[in-house]
Amino acid sequence: MSRATREPVLLSRLDAFTEVIGRSIAWLVLVMMLVQFAIVVMRYLFNVHSIVMQESVMYMHAMVFMLAAAFTLKHDGHVRVDVFNRRMSPRGRAWVELFGTLLLLIPVVLFLGLGSLRYVASSWAILERSSDGGLPAVFLLKTLIPLMCLLLLLQGIAQAWRQVLILRGRLPAEKTHEHEEIL
């Protein structure tokens, strides 16, 4: 297999990994909704309160947003202001995406990820628990921070790689999304 053939295969594997994580975590929204419904029913019909169930909704909410961030990046779902980008050629957009990824996304993700390591490690060192008697896994919740950064970093690398391949003419330039709102 030549290098030119391997590049898109590796890129598609990174994208597929992000896709599997994103689609899997999406099911958690349904579970979260069902647990929240059960909390409301238990509280208002039976006057039963459960801190564990309430915290589980918070944990699932954090998982959905943090672990699906790379999936959202892959599908260009983050809020953007493309005032100039819209009028650019596909090559111009590829340059903007490449520089944005290399100069903004990756440094910020590395800063957050590396900055969170001591915070997460100290939580693991004491196996931090809920102070309210809820879930005994605050350390796992905090672990989502570097995990989110790792997933965003992998997808950021895939995004940058894709733009390089577009600039080299090895991949077709991506079209502007039809769902974009023009103000």
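Positions within a chain are numbered from 1, following the residues in the order the chain's sequence is written. Reporting in this predicted model follows two pLDDT cut-offs: at least 70 for local features of residues, and 80 or more for side-chain atom pairs to be given and counted; totals over whole chains, interfaces and linings ignore these cut-offs and use all residues. Note that the side-chain values use all heavy atoms of the structure and ignore hydrogens as well as water.

Asker: Report on the pattern of salt bridges, specifying residues and quantitative values.
Answerer: The term salt bridge refers to a side-chain nitrogen of Lys or Arg lying within 4 Å of a carboxyl oxygen of Asp or Glu. Counted under the stated rule, the structure contains 4 salt bridges. Where E19 meets K74, a salt bridge forms, and the shortest distance between an N and an O atom there is 2.9 Å. Of the two residues, E19 sits in helix α1 (residues 3–46) while K74 sits in helix α3 (residues 69–74), which places them 55 residues apart along the sequence. A simple rule labels every residue: compare its accessible area, found with a 1.4 Å probe on the protein chains alone, to the largest value its type can have, and call it buried under 20%, exposed over 50%, or partly exposed in between. Owing to a relative accessible area of 15%, E19 belongs among the buried residues under this scheme. Taking the shortest distance from any N to any O, the salt bridge between K142 and E128 comes out at 2.7 Å. With K142 in helix α5 (residues 138–167) and E128 in the loop between α4 (90–125) and α5, this residue pair connects regions lying 14 residues apart in the sequence. The class of K142 is buried, set by a relative accessible area of 14%. Owing to a relative accessible area of 21%, E128 belongs among the partly exposed residues under this scheme. Counted as one network, the salt bridges with shared partners bring together E19, R23 and K74. Numbering of helices and strands runs from the N terminus; a helix is a DSSP stretch of H or I covering at least four residues, while a strand is a stretch of E covering at least two.

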